[in-house]
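Secondary and tertiary structure notes
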Amino acid sequence: MTTDLSPVHPPFDPELAAALAAAEDVPTTVTPEMLAALREDTAATAPSFTAIAEAHRVDVRTVTVARSDAPDMRLLVATPPLSRPGSPALYWIHGGGVVLGDFRFGLDLVLPWAVEFGVPVVSVDYRLAPADPDPAAVEDCYAGLVWVAGHAAELGVDPSRLVLAGHSAGAGLAAGTALLARDRHGPRAAGQLLLCPMLDDREHTPASRQLDGVGVWDRTANRTAWDARLGGRRGGPAVEPYSAPARATDLSGLPPAFVDVGSVDTFRDEAVDYATRIWQAGGAAELHVWPGAYHCFEILAPTAAVSVAAVDRRTDWLRRVLRPPRPSSRPT
């Protein structure tokens, strides 16, 4: 007799479940043997710069950042027509487990905000594992942030109003970049938008073990990505919090955070814990756990009620963070 030891998971939202059942090209899991084919598929379906510009009505250009201590790095700069000198900017870090994608990945999530708020988006083309293991990716993301802050006048943005934003692994890298900026006394972001963030390599929360062969990005996919990034260090003591921000013991002094995640997401518990510990350290965070939502739910089912609600809440938070600072009142 065999016993199924896989824990039960919360129920899927009916609209999201229907979208997932219809999504034949979305794998539940990822194994090391699948990575090469997935990379090829991702590269083959990536939009051209012209297609991005036309779809979102933005100007798109690339910038090459020359570095003496690491390979040169590319940034994609998307500027909407209503952008004005001295505007805020969104610094976008794409998802893909740090094993897939490039700086075009996931732009459909962020470029609508660029147009709505009239702010440029800068997307970083960080190095991927396993070819470039940890800490290459987070160091690239931090280097890109430093470059943007140092070239703010050239980009037409206010360096004090940069918002870190990322999805999935990109959100984990955004959190790690915020920690690096704090500890290295680098550019302080005005906020960090952490969408279903990948924060913890240790697989010690119930949510990190709850999905096995169901949903999107199950425990095997998560383990595959962390193994590619960390190798034999995964789960052990020799992992820096910049690479796995859930390991950080001090979450004070960070930019205000927006954290959201689905209730049926491998990253649920680590995301909730991260926001909770920001509060405990005296910081500002807004947290949403979307009932019945799996990883990437808003991408697979953008018209579902829960997806619309999630995007609305993200937009409301950004609107508040990007609002021009009020001039200080002085007594007359």
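Notes on the structure follow. (Residues numbered from 1 in each chain as written. Predicted model: local features only at pLDDT ≥ 70, side-chain atom pairs only at ≥ 80, totals over all residues. Heavy atoms only, no water.)

**Section: the overall build of the protein**
Scanning the protein from terminus to terminus reveals 12 helices and 8 strands. Its C-alpha atoms give the protein a radius of gyration of 19 Å, near enough to 20 Å, the size a compact globule of 332 residues would have. With the C-alpha coordinates of the protein rotated into their principal frame, the extents come out at 80 × 45 × 40 Å. When contacts within the protein are restricted to residue pairs at least 6 apart in sequence, long-range pairs at least 24 apart make up 76% of them. Total accessible area computed for the protein in this model is approximately 14500 Å², and 56% of it derives from carbon and sulfur atoms. Charged side chains of the protein number 29 positive and 40 negative; the gap between the two group centres comes to 8 Å. (Helix = DSSP H or I, 4+ residues; strand = E, 2+ residues; numbered from the N terminus. Rg over C-alpha atoms; globule rule 2.2 N^0.38 Å. Contact = heavy atoms within 4.5 Å. Areas by Shrake-Rupley, 256 points an atom, 1.4 Å probe, with all protein chains shown as cover. Lys, Arg positive; Asp, Glu negative; His and termini not counted. Charge placed at Lys NZ, Arg CZ, Asp CG, Glu CD.)

**A look at the layout of surface pockets**
For the largest pocket, the calculated volume is near 1400 Å³. Together, 46 residues line the largest pocket, and Thr42, Phe105, Gly106, Cys296 and Ile299 are the ones closest to its centre. Listing elements by their share of the lining of the largest pocket, those giving two or more residues are helix H2 (35-45), helix H3 (49-56), helix H4 (107-117), helix H11 (297-300) and helix H12 (305-322). At 6 residues, H2 tops the list of elements feeding residues into the lining of the largest pocket. Broken down by class, the residue content of the lining of the largest pocket amounts to 26 nonpolar, 12 polar and 8 charged. (1 Å grid on protein atoms, 1.4 Å probe; cavity = no way out; pocket = protein on both sides within 12 Å on 5 of 7 lines; lining within 4 Å. Points joined across faces, edges and corners; volume = space filled by probe spheres on them. Nonpolar A, V, L, I, M, F, W, Y, C, P; charged D, E, K, R; others polar.)

**Remarks on empty space enclosed by the protein**
A full pass over the atoms with the stated rule returns 1 cavity of 30 Å³ or more. Its volume calculated, the largest cavity comes out at about 50 Å³. Taken together, Val98, Ala129, Asp132, Pro133, Asp134, Pro135, Ala136, Ala137, Val138, Leu173 and Arg229 make up the lining of the largest cavity. Among the elements that line the lining of the largest cavity, the one with the most residues is helix H5 (residues 136-150), at 3 residues. Tallied by class, the residues present in the lining of the largest cavity amount to 8 nonpolar, no polar and 3 charged.

**Considerations on the packing of aromatic side chains**
Per the counting criterion, the structure on display carries 3 aromatic pairs. Ring centres 5.8 Å apart and planes at 70° place the aromatic pair phenylalanine 12 and tyrosine 294 in the edge-to-face group. Highlighted residues: phenylalanine 12 in the segment before helix H1 (14-22) and tyrosine 294 in the loop between strand S8 (285-290) and H11, separated in sequence by 282 residues. For arginine 104, the ring lying beneath its charged end belongs to phenylalanine 49, and the centroid distance is 5.9 Å. (Phe/Tyr/Trp six-rings, centres within 6.5 Å; stacked < 30°, edge-to-face > 60°. Lys NZ or Arg CZ within 6 Å of the ring centre and 35° of its normal.)

**Examining the nonpolar core**
Tyr91, Tyr126 and Tyr274 are the most contacted members of the largest nonpolar core, which totals 79 residues. Per-element accounting of this core gives the leading share, 9 residues, to helix H7 (residues 169-183). Counting 24 residues, the second largest nonpolar core, distinct from the first, contains Leu76, Val121, Leu193 and Leu322. (Core = buried A, V, L, I, M, F, W, Y, C linked by side-chain atoms within 4.5 Å. Buried < 20%, exposed > 50% of the residue type's maximum accessible area, 1.4 Å probe, protein only.)

**Some words on helix H10 (residues 268-280)**
Taking 1.5 Å per residue, 13 residues should reach 18 Å; H10 reaches 18 Å between its end C-alpha atoms and fits that length. Inspection of H10 places Arg268, Glu270, Ala271, Tyr274, Ala275, Arg277 and Ile278 among the buried residues, and these make up the whole buried set. Immediately beyond the C-terminal end of H10, within one or two residues, lies glycine 282, with a positive phi of roughly 90°. (Expected span 1.5 Å × (residues − 1).)

**Concerning the environment of threonine 249**
For threonine 249, the location among the structural elements is in the loop between helix H9 (219-230) and strand S7 (257-262). Here the alpha-carbon distance between threonine 249 and arginine 277, two residues 28 residues apart in the chain, equals 8.9 Å.

**Details of H12**
Here H12 is 18 residues long and its end C-alpha atoms lie 26 Å apart, about the 26 Å a rise of 1.5 Å per residue gives. Taken residue by residue, H12 has Val306, Ser307, Ala310, Arg314, Thr315, Trp317, Leu318 and Leu322 as its buried positions.

**Regarding the side chain of threonine 266**
Take threonine 266: it is sitting in the loop between S7 and H10. By relative accessible area, which is 0% here, threonine 266 ends up buried. Within the structure, the side chain of threonine 266 is placed 2.7 Å from the backbone oxygen of tryptophan 217, a separation counted as a polar contact. Those residues within four positions of threonine 266 in sequence are excluded, and the remaining contacts are Ala207, Ser208, Leu211, Trp217, Asp218, Arg219 and Asn222. (Polar contact = N/O pair within 3.5 Å; in protein donor to acceptor, adjacent residues only side chain to side chain.)

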